Each structure stands twice: as C-alpha cells, then as structure tokens.
Amino acid sequence: MKIKSIRGVKDILPGEIAKWQWVEGMARDVFSRYGFKEIRVPIFESTSLFARGIGETSDIVEKEMYTFEDRGGEQITLRPEGTASVVRAYIENKMHHPPSLVKVYYMGPMFRYERPQAGRFRQFYQIGVEAMGSDSPLVDAETMGMLIEFFKSMGLNDLQLEINSLGCKECRPQYRETLKNAIRQHLDALCNNCQQRYERNPLRVLDCKVEEDRKIAESLPKMGDSLCDNCQSHFTQVQSYLTTINTPFSINPLLVRGLDYYSRTTFEVTSSGLGSQNALCGGGRYDDLVEEFDGPSTPCFGFALGLERLISVLPAETVESIETDPDLFIVCLGAEADGECYRIAHELRRKGLKVERDYEASSMKSQMRKANNKNCAYVLIVGENELKSGTLQLKNMKDGQQNDVSLNSVTQDILNIIPLKNQASL
Ligand code: HAM
C-alpha cells in the first residue's frame, strides 16, 4: 500500500525552497531593523491555552483544532496560531522583567482542521510578530508600517491595508448589547451559523461571508460609532501615524477578525492576486490577553502572515532575482584528474563558491549537459592534458568567454573571475 501525505498538507520541495528561505531571510532582516528578535515556541501546547486564549466561541476552537490525548493523559493541541504560545512564554519566562517593550517574531507551521482549498491548508506556515508592553498607537502604526515595508521589499505593491477599532473593555460590552438587539430584528434572514452564534459572539455576524448576511451586516450599528473617548483618540492617532509615513489604508467597520482576543486596532492586508482566500496577513491589539493568563497588565500588538499565500503572489521579477544557481561546474575527464578536481572543488567551496561536479566519470558532452541543466554560471575543464600543461580552461556559460587559469594558483585565479556573493568562507 502506498502511503500518501495527509489531506491539506504539502511538501516543500528543494526546487521551491529558495523562495521560502529568501522570504524568511527578508523577514529576519527587516524585522531586526525595528528591534524584533526571534522566539521559538513549541508546536504543541496544552489544549486549554488555545481554548482560553483564542476564545471558546471562535471557529478555530469550536471546530478546527488538532487535539489529542498524549500517553500521559494530557490534552494536547497542535498550535493553530502563535500568539497564545508567545503570551504563555512571555509570562512563564517572566519576560516582563524588567518592564520594557518586548518585540519578538516567529516563523513556523500552524495546524487548523479547515476545508482545504487553494490557499487554505491544514498545515500552513506563518511568520508572526508580537510587540508586548505598550498601548501606544505608535506601536500599532510602526508595526503595520514595518509589515508594509516588508511586502514592498519583495516587490509587492498591489496590497490593501484595512483597519478597524474593536474598542476596549469599557466600550465594547455596551456595543455588544446594541449589536445583539439590532441583529435580533434580522434573525430569520441570517444564515444558520449566525443565528446560532449571535448570542455568544455577535461581532462575528459582521464578518460572515454569506452574501445575504453581508447586506444585513452593513445595516447593523458599527463599533466605530460606540468607541469611548480613549479608544476614539487611540484610533485617530493610529491613522495619523500611518499617514505620516504615507501608508495608504482604508477603514473597514466590518473587520472583526476570527480570534476573540482582539481589542482596539485590528487590521488585515489583502491581495487581489489571491482569489477567495485573499487575506495575506491579519493582526491587531490584544491588550487584555496577558492579564487573562494571570500575567501583569501588558497591552500588546501583533500580526501573522501566511507564507504559502505570500509566496504565491511574489512577482515574477522578484522570483527571478532570487539566485540559487551554482557558480561553477567542474568537468572532470579521466581518472587522473579525479583527485585534483576533488581538491579544487573542496578549496572553492571553503572559500564560498557553490560548486557542482560529476560523480559518474561521464563523457565531456554529458558533463557539459549537466552543467547546462543545473544553470551553472561557469565551467572549469580538468583533464589529463590540462594537468600536464598546468593550465585549465574556465568558461563563462553566458557569453562563452574562456579564461586560462593556472593549476598552481587555481583557487585564487577563479576567485578573481567569479565574484563571491556574501557567502562566509570556512
Ligand atoms: P489569522 O488571521 O488567523 O491570525 O492568520 C494569519 C494569516 O495566516 C492569515 O492572514 C493567512 O494568510 C494565514 N492563514 C490562516 N489560516 C490559514 C490556512 N488554513 N491556510 C493557509 N494560510 C492560512 C492569527 O493567526 C493571529 N495569531 C495573528 C496575530 C498575531 N494577531 C496578533 N498577533
């Protein structure tokens, strides 16, 4: 019986990995400029962390978690997202001491039992950031601004940033009641899902994807009209900071997000290149979550982006610019040349070049074909004649130009011709 991968998961093969590594490298680079450091948290945690953190009435907790009992009888869940784990780590490792703004980022697989479709998987990868310990609107704007710069650095310009404010502990309870009362007037016309959940989680009715419900949602009262003075002023400042750095955004009063921990600013970045699963990134403020887990009062802001989705919309020019082709192919002709080729390849790799060779003692023609197939920039030909004469031929595969290199100084001669691309030498 052939064993196949589980539905909704996929392999990332060596042919695609360069894009992934490049995007991850860009994230590390850009985020570190804003003071974010990496955190690595486990991919499984106690089920109660996610149930309480993300919210019992969220879709994720109600129907999408991969939960099992381990051999010790403990309820375990494969992480469906990173924020709850980071909050747990923040409290457990007393990262609030001494009090300061803690900025972390993470990348790795998340697991949700969703219906697989284009852009939606059961194991998918996120890159996320969390800024913990400040309620300043500058943190919201700076973190969203960083995200947009990150997207721009990969050539993505056709993106929409939508923002909203969900209010706080002071103003939201009143709004929830107002909303519930308004929804009740339309109950018969709403989808089953909304009819069932509006009592427990009325805000989710606002972002229901069912067409009829969307029309009703537009007529319902909006959080924006019920914000307390502090939340209103916070939201106005976030917008003003975004304008300061010329980051275009629109306000979407129906944006509530699917996780229950949000307060005040929430946002999503969408790309029209993505089809129906068009959310590239989502996030916002979660000012009460640390306290809900018995940590000190710690207002936070963060986001997570879907790596599969991001990679699928990278512009062709960006993908072409991601260089992974080998620098050099050593064509080795005859048994006598074998050891010398091994030595040269070893030396050049130590210096930082990407070197390929043949291991099958094939003909010159076959080795040249392999060099071509691997898209090698240069070919070095080493045969018995070359060893006798002490001069080797280095051929540029793009323009066909040939250079003589001396066997005695082969490593240095080659390095004078083939530029090193930021590789560290060993
Ligand atoms: P989220 O909106 O659930 O937020 O997920 C963030 C991103 O992960 C989405 O915008 C999407 O690109 C990607 N994503 C989600 N589910 C899937 C899936 N099944 N297949 C492929 N990609 C998917 C969070 O996870 C929050 N923890 C974000 C956050 C961090 N908020 C504050 N800090």
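Here, every reference points to the structure presented above.
Residues numbered from 1 in each chain as written. Predicted model: local features only at pLDDT ≥ 70, side-chain atom pairs only at ≥ 80, totals over all residues. Heavy atoms only, no water.

A separate point is the overall build of the protein. Regarding its fold elements, the protein presents 17 helices and 16 strands. For 426 residues, the compact-globule estimate of 2.2 N^0.38 gives 22 Å, and the C-alpha radius of gyration of the protein, at 28 Å, exceeds that figure by more than 25%. Reported as C-alpha extents along the three principal axes, the dimensions of the protein are approximately 90 × 55 × 45 Å. The 426 residues of the protein split such that 50% are buried. Long-range pairs, those at least 24 residues apart, make up 70% of the contacts in the protein with a sequence separation of at least 6. Computed over 51 positive and 59 negative side-chain charges, the inter-centroid distance for the protein is 3 Å. (Helix = DSSP H or I, 4+ residues; strand = E, 2+ residues; numbered from the N terminus. Rg over C-alpha atoms; globule rule 2.2 N^0.38 Å. Buried < 20%, exposed > 50% of the residue type's maximum accessible area, 1.4 Å probe, protein only. Contact = heavy atoms within 4.5 Å. Lys, Arg positive; Asp, Glu negative; His and termini not counted. Charge placed at Lys NZ, Arg CZ, Asp CG, Glu CD.)

Running from N to C, helix α1 (residues 14–33) and helix α5 (residues 137–153) cross one another at 140°; their axes reach a closest spacing of 10 Å. Comparing their axes, α5 and α1 come out oblique. Every pair of crossing elements has a handedness; the one defined by α1 and α5 is right-handed. When α1 is examined against α5, the residues Trp 22, Val 23, Met 26, Ala 27, Val 30 and Phe 31 are found in contact with a partner set consisting of Met 146, Phe 150 and Ser 153. Residues of the contact of α1 with α5, tallied by class, amount to eight nonpolar, one polar and no charged. (Axes fitted to C-alpha atoms, helices over the stretch in contact; angles between N-to-C directions. Parallel < 35°, antiparallel > 145°, perpendicular 65-115°, else oblique. Left-handed = near helix turned anticlockwise from the far one by under 90°. Nonpolar A, V, L, I, M, F, W, Y, C, P; charged D, E, K, R; others polar.)

Attention now goes to the packing of aromatic side chains. Applying the stated criterion across every chain, the model contains 10 aromatic pairs. Between the aromatic rings of Phe 31 and Tyr 105, the centroid separation amounts to 5.8 Å while the plane-to-plane angle is 70°, which identifies the pairing as edge-to-face. Taken together, the residues span a long stretch of sequence, with Phe 31 in helix α1 and Tyr 105 in strand β5 (residues 102–111) at a distance of 74 residues. As far as burial versus exposure is concerned, Phe 31 and Tyr 105 are alike and both buried. Residues Phe 267 and Phe 301 carry aromatic rings whose centres are separated by 5.9 Å and whose planes lie at 5° to one another, so their mutual orientation is stacked. (Phe/Tyr/Trp six-rings, centres within 6.5 Å; stacked < 30°, edge-to-face > 60°.)

Attention now goes to the sheet that holds strand β15 (residues 391–396). Across the sheet, which stays open at both edges, the five strands sit in the order β13-β12-β14-β15-β16 with mixed pairing between neighbours. This sheet does not close on itself; its edge strands, each paired only once, are β13 (355–357) and β16 (402–406). Recorded for the sheet is a direction-independent mean angle of 25° between the axes of neighbouring strands. Contacts between helix α14 (residues 335–351) and the sheet are confined to β12 (328–332), β13, β14 (378–382) and β15, with β13 contributing the most and set at about 160° to the helix. Against the sheet, helix α17 (residues 410–417) makes contact with β12, β14, β15 and β16, and its axis sits at roughly 150° relative to β16, the strand it touches most. (Pairing = 2+ DSSP bridges.)

Right, let's talk about the environment of Ser 272 for a bit. Relative to the elements of secondary structure, Ser 272 occurs in the loop between β9 (263–271) and β10 (279–285). Along the primary structure Ser 272 and Ile 330 are separated by 58 residues, whereas in three dimensions their C-alpha atoms are 45 Å apart. Ignoring anything within four residues of it in the chain, the contact list for Ser 272 reads Asp 158 and Gln 160. Polar contacts involving the side chain of Ser 272 include one to the side chain of Asp 158, which spans 3.0 Å. (Polar contact = N/O pair within 3.5 Å; in protein donor to acceptor, adjacent residues only side chain to side chain.)

What follows is about the pattern of salt bridges. Per the counting criterion, the structure on display carries 23 salt bridges. Asp 207 serves as the salt-bridge partner of Arg 204, at 3.1 Å between the closest nitrogen and oxygen. By relative accessible area, Arg 204 is classed as buried at 10%. Residue class for Asp 207 comes out buried when judged on its relative accessible area of 14%. With a closest N to O distance of 3.5 Å, Lys 215 and Glu 212 form a salt bridge. Here the residue Lys 215 and the residue Glu 212 both occupy positions in helix α9 (residues 211–219), the gap between them amounting to three residues, near one helical turn. Overall, the relative accessible area of 47% leaves Glu 212 in the partly exposed class. (Salt bridge = Lys/Arg side-chain N within 4 Å of Asp/Glu carboxyl O.)

Right, let's get into α1. Taking 1.5 Å as the rise per residue, α1 with 20 residues should run 28 Å; its terminal C-alpha atoms sit 29 Å apart, in good agreement. All buried positions along α1 are accounted for by Ala 18, Trp 20, Val 23, Met 26, Ala 27, Val 30 and Phe 31. In the core, the buried residues of α1 are packed alongside β5, β6 (123–132), α5, β11 (300–306) and α12 (307–312). One or two residues past the end of α1 sits Gly 35, with phi positive at roughly 90°. (Expected span 1.5 Å × (residues − 1).)

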